[in-house]
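As a plain string of letters, each chain reads:
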Amino acid sequence: DAAPQGRGELSGRRVVVTAGGTREPLDPVRYLGNRSSGKQGYALARVAAERGADVVLVTTSSLPVPAGVRAVPVETALELEAAVTAEVGEADVVVMAAAVADFRPASYAEHKIKKTHGSGADGSPDESAPDIVLVRNPDVLAGLVAARGASASPVVVGFAAETGDASGSVLEHGRDKLARKGCDVLVVNEVGTDVTFGKDENTVHVLRRGSEDVLDVGPASKDAVAAAVWDVVTDLL
Ligand code: CTP
Ligand code: CA
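Computed from a prediction, not measured in an experiment: that's the story for all the values here.

Rules used in this analysis
- Residues numbered from 1 in each chain as written.
- Chains lettered and ligands numbered in written order.
- Predicted model: local features only at pLDDT ≥ 70, side-chain atom pairs only at ≥ 80, totals over all residues.
- Heavy atoms only, no water.
- Helix = DSSP H or I, 4+ residues; strand = E, 2+ residues; numbered from the N terminus.
- Contact = heavy atoms within 4.5 Å.
- Areas by Shrake-Rupley, 256 points an atom, 1.4 Å probe, with all protein chains shown as cover.
- Lys, Arg positive; Asp, Glu negative; His and termini not counted.
- Charge placed at Lys NZ, Arg CZ, Asp CG, Glu CD.
- Donors = N, O, S within 2.8 Å, 3.2 Å for Na, K, Ca; no water.
- Near = heavy atom within 4 Å.
- Polar contact = N/O pair within 3.5 Å; in protein donor to acceptor, adjacent residues only side chain to side chain.
- Expected span 1.5 Å × (residues − 1).
- Buried < 20%, exposed > 50% of the residue type's maximum accessible area, 1.4 Å probe, protein only.
- UniProt positions renumbered as here; feature names shortened; annotations may be inferred.
- 1 Å grid on protein atoms, 1.4 Å probe; cavity = no way out; pocket = protein on both sides within 12 Å on 5 of 7 lines; lining within 4 Å.
- Points joined across faces, edges and corners; volume = space filled by probe spheres on them.
- Nonpolar A, V, L, I, M, F, W, Y, C, P; charged D, E, K, R; others polar.

Trainee: Just to check I follow, could you spell out the overall build of the chain for this structure?
Mentor: A count of helical and extended segments in the chain gives 5 helices and 12 strands. By principal-axis analysis of the C-alpha atoms, the chain measures approximately 85 × 40 × 35 Å. Counted over contacts in the chain with a minimum sequence separation of 6, partners at least 24 positions apart contribute 65%. As displayed, the chain has an accessible area near 12400 Å², and 50% of this comes from carbon and sulfur atoms. For the chain, the separation between the mean place of its 24 positive charges and that of its 34 negative charges on side chains is 3 Å.

Trainee: Quick question: what am I supposed to make of the coordination of the calcium ion (ligand 2) here?
Mentor: Metal coordination angles have textbook ideals: 109.5 degrees for a tetrahedral set of four donors and 90 or 180 degrees for an octahedral set of six. Only Asp 102 (OD) and Asp 102 (OD) from the protein reach the calcium ion (ligand 2) as donors, at distances of 2.4 to 2.5 Å. Here Asp 102 lies in the loop between strand E6 (93–96) and strand E7 (103–105).

Trainee: Explain the site of ligand 1 to me, please; I cannot follow it from the model alone.
Mentor: Around ligand 1, a shell composed of 14 residues is seen, among which Met 96, Ala 98, Pro 138, Leu 141 and Lys 177 lie nearest. Note that a nitrogen atom of ligand 1 is positioned 2.8 Å from one of the backbone N or O atoms of Pro 138. For ligand 1, a nitrogen atom lies 3.0 Å from a polar atom in the backbone of Val 140. Isolated, ligand 1 exposes 570 Å² of accessible area, and the fraction of that covered by the protein chains is 77%. Those elements that provide at least two residues to the shell around ligand 1 are helix H3 (140–148), strand E9 (155–162) and helix H4 (170–181).

Trainee: Would you mind showing me how to read helix H5 (residues 222–236) here?
Mentor: Quick reminder: α-helices carry 3.6 residues per turn. Residues three or four places apart thus point the same way. With 15 residues, H5 ought to run about 21 Å at 1.5 Å a step, and its terminal C-alpha atoms sit 21 Å apart, in line with that. Turning to H5, its buried residues number three or more, namely Lys 222, Val 225, Ala 226, Ala 228, Val 229, Trp 230, Val 232, Val 233 and Thr 234.

Trainee: Explanation requested: the UniProt feature "binding site: CTP" (unreviewed entry) in the chain in the structure shown.
Mentor: This chain's UniProt record puts "binding site: CTP" (unreviewed entry) on Asp 102, Lys 112, Pro 138, Asp 139, Val 140, Leu 141, Phe 159, Lys 177 and Lys 181. Of the residues just listed, which span 80 residues, the most distant C-alpha pair is 37.9 Å apart, and they do not cluster in one region. The subset of the named residues that lines the largest pocket consists of Asp 102, Pro 138, Asp 139, Val 140, Leu 141, Phe 159, Lys 177 and Lys 181. Within the fold, Asp 139 resides in the loop between strand E8 (134–136) and H3. Judged by relative accessible area, which is 38%, Asp 139 ranks as partly exposed. For Lys 177, the location among the structural elements is in helix H4. Note on Lys 177: relative accessible area 19%, which makes it buried. When neighbours within four sequence positions are excluded, Lys 177 is seen to be in contact with Ala 160, Glu 162 and Leu 186.

Trainee: I keep staring at the layout of surface pockets and nothing clicks. Help me out?
Mentor: Which parts of space are left empty comes out when a probe the size of a water molecule is rolled across the atoms. Space inside the largest pocket adds up to approximately 1100 Å³. Counting residues per element, the ones that place at least two in the lining of the largest pocket are helix H1 (39–50), H3, E9 and H4. Broken down by element, the lining of the largest pocket gets its largest block of residues, 4 residues, from E9. Taken together, the residues that form the lining of the largest pocket break down as 18 nonpolar, 15 polar and 9 charged. The calculated volume of the second largest pocket comes to roughly 240 Å³. Surrounding the second largest pocket, 13 residues form its lining, Leu 26, Ile 113, Pro 130, Asp 131 and Ile 132 being those nearest its centre. Split by residue class, the lining of the second largest pocket holds 9 nonpolar, 1 polar and 3 charged.

Trainee: Sorry, what's going on with the environment of Arg 46 here?
Mentor: Take Arg 46: it is sitting in helix H1. Separated by 20 residues in sequence, Arg 46 and Pro 66 have C-alpha atoms that sit 5.4 Å apart. Those residues within four positions of Arg 46 in sequence are excluded, and the remaining contacts are Pro 66 and Asp 223.

This is the structure in structure tokens:
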């Protein structure tokens, strides 16, 4: 008797989704990057479009753009921040699924860094390894939370890729991060070199600000994870 679950639920809504790992260039041929494939972000964009939203996908990835989604290609954290700032104006929801680099090289070398860089005091080639100095990138998610101030819009969704460690479990790190970041929803996923990255399945824990409840999803397809995230977000709109 009913339409497929979620169909049309986001019609009239504007959403911005970020996806993929940023690449922070060192020189014309090298960058600092991470293992994010962008697949979960693309699934979030695809499901939102299927549910009727107007979707902008700010992406570092070259995966095929889902039907009905407008893609804005970016490479670095600074470009991603600029694109999100330009698109957030009328957004009802921003989903920060991108793996934004926390640091970037302090300087960009216009020419390829050579193995033998410069020369020693006596004119002989310098065989030492260069030090790469890093600087902090802006925290785009924290910027969105700060910019909306006391307003409830847009709903801001963060992602946290965690490995447990001596100071806490995956879930403990997730709860701390949700409190620290001040976003409305935090989707916590467990990562390691052999889980999640580039895979089509994902296992996540969805946390909501102001609630002790945890919604466990998966192992499930990234589309199924996306559907569960949009169900949670739709309740907040
Ligand atoms: N994020 C962001 N800008 C950054 C870093 C992260 O907007 N410079 C966003 C990510 O897109 C994600 C959320 O913040 O939605 C959490 O990212 P994460 O790397 O887990 O959090 P950090 O605060 O960077 O903490 P950590 O020290 O664990 O990396
Ligand atoms: Ca980080």
